[in-house]
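Descriptive structure summary
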Amino acid sequence: MTVELERTDTIWLDESAVVPEVDEVVEPVVEPPVIDDPDPPASDPDVPFRPSALGPSDRLEFVLSAVSALAFAWALCLVMDWSAPLTFAIWAIIWFVTGTYVTARARTSKVVAMDRLVTTLIWLSGAFAVGVLGWMIVFVLIEGIGGLVDDLPTGEWVARLGAVALMVAVAVVVRWRLGRREAAGTGTTLTRLLPRVVGAACAVGAMLVILPVINTEFFTSDIAEVGPLDEGGGIYHALIGTLEQITIATVISVPIAILTAIYLHEIKGRLAVPVRFIVDAMSGLPSIVAGLIVFTVWVNTGRGFSGASAGVALAIIMIPIVTRTAEEILRTIDNGLRESALALGAPQWRSVVQVVLPTARAGLITASILGVARAIGETAPVLLTAFGSAVTNYNPFSAPQSDLPLFIWGLLREPNEAQIARAWSAAVVLLLLVLVLVITARVIGERGARKRTGR
Amino acid sequence: MPDAPAPDGAVLEDVPRPIVQSRTFGDRVFRGISAGAAATCLLIMFTTGVFLTWKAFPAISATGPIDFLTGDTWQPDDEAFGVGGLLVNTIMIALTALVVGVPVALGLALFINEYSPAKMRPFLTGGVDLLAAIPSLIFGMWGLFALSEPLSGVAEWLASHLNAIPIFRLTEPDVALTRSTFIAGFVVAIMITPVITSVSRDVMAQVPRVQCEGALGLGGSRWGMIRDVVLPFGKSGIVGSILLGFGRALGETIAVVLVIDLVFQPNLNILEQGSGSISALIATKFGEAQGLEINGLIAAGLALFIMTLIVNLIARAIVNRSKLAG
């Protein structure tokens, strides 16, 4: 039985606590006791006890602290003649944190004030992480988007982006409104189908708006014939290289990783302890060492740089990632499924192949995609194995080959704006690829998890 | 199976019968295949260790193992390879990254677990996963083009106001403050944050909720609950996650290469231009290396491999033990 208390800022147990608003102390809300719950949600992180710690006076204090912090930092920067935005932000944050502590300390107790201080700091670190991620993505997009699209007047850009934003907004709103009805249990066939239809229509519409203005030359030419100061040139050779190397890496690593996960969790053989130990060690292997080992064993023994050796190096990086994720997925599968298969007389391999793996399919796909997302951006190992090249090399088994990270890496070290601009454009392509992969993995994984638990 | 003789049936009642499995031919094949896959992992790490040692041997024996680990010269023509200074610089970068990254990472983990609204949590964990997947090359570019400028301002401020602390001192008054250990550490800090956050968040999520509610029910504030229940419970897991982040920071290559100037001497003045790491050495010198220098680079890689292996295994052991305890 859980007792939930609605907390206000005034009921911390502390002898020095002032309790001015006695009538605000809220009575405990007693939930109806759950009888015969075999698995109490004690450790379920989804339903924690969450006191709502902020009353109106707390909010007022936060707002006042923030306002005074901004005023203070502004005045300080004006007086001291500082102009860097970072300086302004740092002083504002210091003043804000101090302000929240001092106001809470003046009105309540040390315990409450300390709690307030920590709450502020933790929210700030959350905001910092989100802010850094956002800043980086926006920075990369701004630097690199110019090379990916045709030169158009600003007005046309505003119109096209506005159209895309409108379509995304329509799709999101339709999905959200109808999803609420679905969740409330009043859904019909229409409410189920409409969001998908609208979503697909909006996606097609957005593509129709964006695709014609994409700079196709950037995707369909290489930089073999392009001088450093020339216009044009593109990432075709790098895309081919990335595609081939990632395919090789996936073909090698995914079967090994999934079979290893099966060995670790389904068979639990004699090697399980050392293998888990080694997989842990591999997951911490610096990526450059993965490249160095393939270089030592394969490239440097007279076989030369090639895309395939880069694929092997990337496979070494992917194996531990996929193995660990896949093992986590296998762990979530209900033991009852395995036991039912065995009880029906199936040998273990059939229970794994026909029951466990189909149940885990979505999760295993997620694991593989996450591995690919990690491998696709690795630069150090491919530098030592594929080396990079300016010409399009379709054969991954001989001669140096480029790929997206190597393309960026090569151009970044050139002292010339046009080359660095190309590197940024390729970085946008790489970043978008990673984003799409991670989001796809998450969507598939969540659908799979819902399916597994829904059964 | 015959019924086991039960002298005291009440005691044996709850003990399940041992399952006797007869392995079919298919089962044996299946077990063989997966054991083979598992053995491949062992083989890869074994090959790595053996081949790196073998190929590193000529360079190490040409320099002498002591000089290799303590020297700070890199003269392939004189057959002198010393990574001592680079080891110091590698560790300095990683420590700077920890000092910057750990508070943010732990704050973020607590934020996701204890403070954020429940609806935001999937997006936040997704964001952490995303941050972990962003290529280090892009972090490096961003650090080089967007972060260097404002951070050198911070470095200037530190050098002029906090020079009582030895590592913030400058050897000369007008030395350049870009391309330093400090900036590299900052970029690496952002890269190791998702590692520390996701592992420590997992550990902290295993705190028995009953104990948390108990702490709150006794009148503790939320910070009191975190300080007295969550942190003590997750202590070893948090330490392990920090060590994992340290291992990641030691091996980081591309982002570091982009934002520093490689020097071989140990540079303890972290704000000054010039820093280095073993992986940066390999990535920088690899292109034009020939003959014995290749062996020297492999030897440096071996040193990095052993160092990260030790840090990672200690970290994993700590994390796994804390998970078992939960």
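Since the model is a prediction, treat every value here as computed from it, not as a measurement. (Residues numbered from 1 in each chain as written. Chains lettered and ligands numbered in written order. Predicted model: local features only at pLDDT ≥ 70, side-chain atom pairs only at ≥ 80, totals over all residues. Heavy atoms only, no water.)

Some remarks on the confidence of the model for chain B
- Summarising the model, chain B shows a mean pLDDT of 87, and 94% of its residues fall at 70 or more.
- Model confidence for chain B, summarised as mean pLDDT per element, is weakest for helix 1 (residues 9–12) of chain B at 54 and strongest for helix 4 (residues 84–115) of chain B at 93. (pLDDT = per-residue confidence, 0-100. Helix = DSSP H or I, 4+ residues; strand = E, 2+ residues; numbered from the N terminus.)

Let's talk about the layout of surface pockets
- In this structure, the second largest pocket encloses a volume near 1800 Å³.
- Contributing to the lining of the second largest pocket are 34 residues, with A:Arg175, A:Val443, A:Glu446, A:Arg447 and B:Phe123 lying nearest its centre.
- Where the lining of the second largest pocket is concerned, the elements lending two or more residues are helix 4 (154–184), helix 5 (189–210) and helix 15 (417–454) of chain A together with helix 5 (121–133) of chain B.
- Per-class residue counts for the lining of the second largest pocket are 20 nonpolar, 5 polar and 9 charged.
- Looking at the lining of the second largest pocket, you find at least three residues from each of domain 2 (152–213) and domain 3 (236–454) of chain A. (1 Å grid on protein atoms, 1.4 Å probe; cavity = no way out; pocket = protein on both sides within 12 Å on 5 of 7 lines; lining within 4 Å. Points joined across faces, edges and corners; volume = space filled by probe spheres on them. Nonpolar A, V, L, I, M, F, W, Y, C, P; charged D, E, K, R; others polar. Domains from an automatic or database assignment.)

Quick look at empty space enclosed by the protein
- Inspection of the entire model under this criterion finds 6 cavities of 30 Å³ or more.
- Taken as a whole, the largest cavity holds about 110 Å³ of empty space.
- Lining the largest cavity are A:Phe128, A:Ala129, A:Val132, B:Val100, B:Gly101, B:Val104, B:Leu131, B:Phe186, B:Ala189, B:Ile190 and B:Thr193.
- Elements that contribute at least two residues to the lining of the largest cavity include exactly helix 3 (110–144) of chain A together with helix 4 and helix 7 (181–204) of chain B.
- Counting residues per element, the lining of the largest cavity draws most heavily on helix 7 of chain B, which supplies 4 residues.
- In terms of residue class, the lining of the largest cavity is built from 9 nonpolar, 2 polar and no charged.

Side note on the interface of chain B and chain A
- Across the boundary between the two partners, chain B contributes 89 residues, which contact 91 residues of chain A.
- Interface area, chain B with chain A, both sides summed: about 8400 Å², of which 76% is carbon and sulfur.
- Counting across the chain B and chain A interface gives 2 salt bridges.
- A salt bridge links A:Arg442 to B:Asp129; the nearest nitrogen and oxygen atoms lie 3.3 Å apart.
- Viewed at the interface, chain A and chain B are joined by 9 residue pairs in polar contact (both at pLDDT 80 or more).
- The element best represented in the side of chain B that touches chain A is helix 2 (residues 25–63) of chain B, accounting for 19 residues.
- Its residues assigned to classes, the side of chain B that touches chain A comprises 54 nonpolar, 24 polar and 11 charged. (Contact = heavy atoms within 4.5 Å. Buried area = accessible area lost by both parts, 1.4 Å probe. Salt bridge = Lys/Arg side-chain N within 4 Å of Asp/Glu carboxyl O. Polar contact = N/O pair within 3.5 Å; in protein donor to acceptor, adjacent residues only side chain to side chain.)

Notes on unusual backbone geometry
Residue and element names in this part refer to chain A.
- The residue Lys268 is not glycine, and still its phi comes out positive at about 50°.
- Among the structural elements, Lys268 can be located in the loop between helix 7 (236–267) and helix 8 (272–283).
- Look at Phe387: it is not a glycine, yet its phi comes out positive at around 70°.
- Structurally, the position occupied by Phe387 is in the loop between helix 13 (380–385) and helix 14 (404–412).

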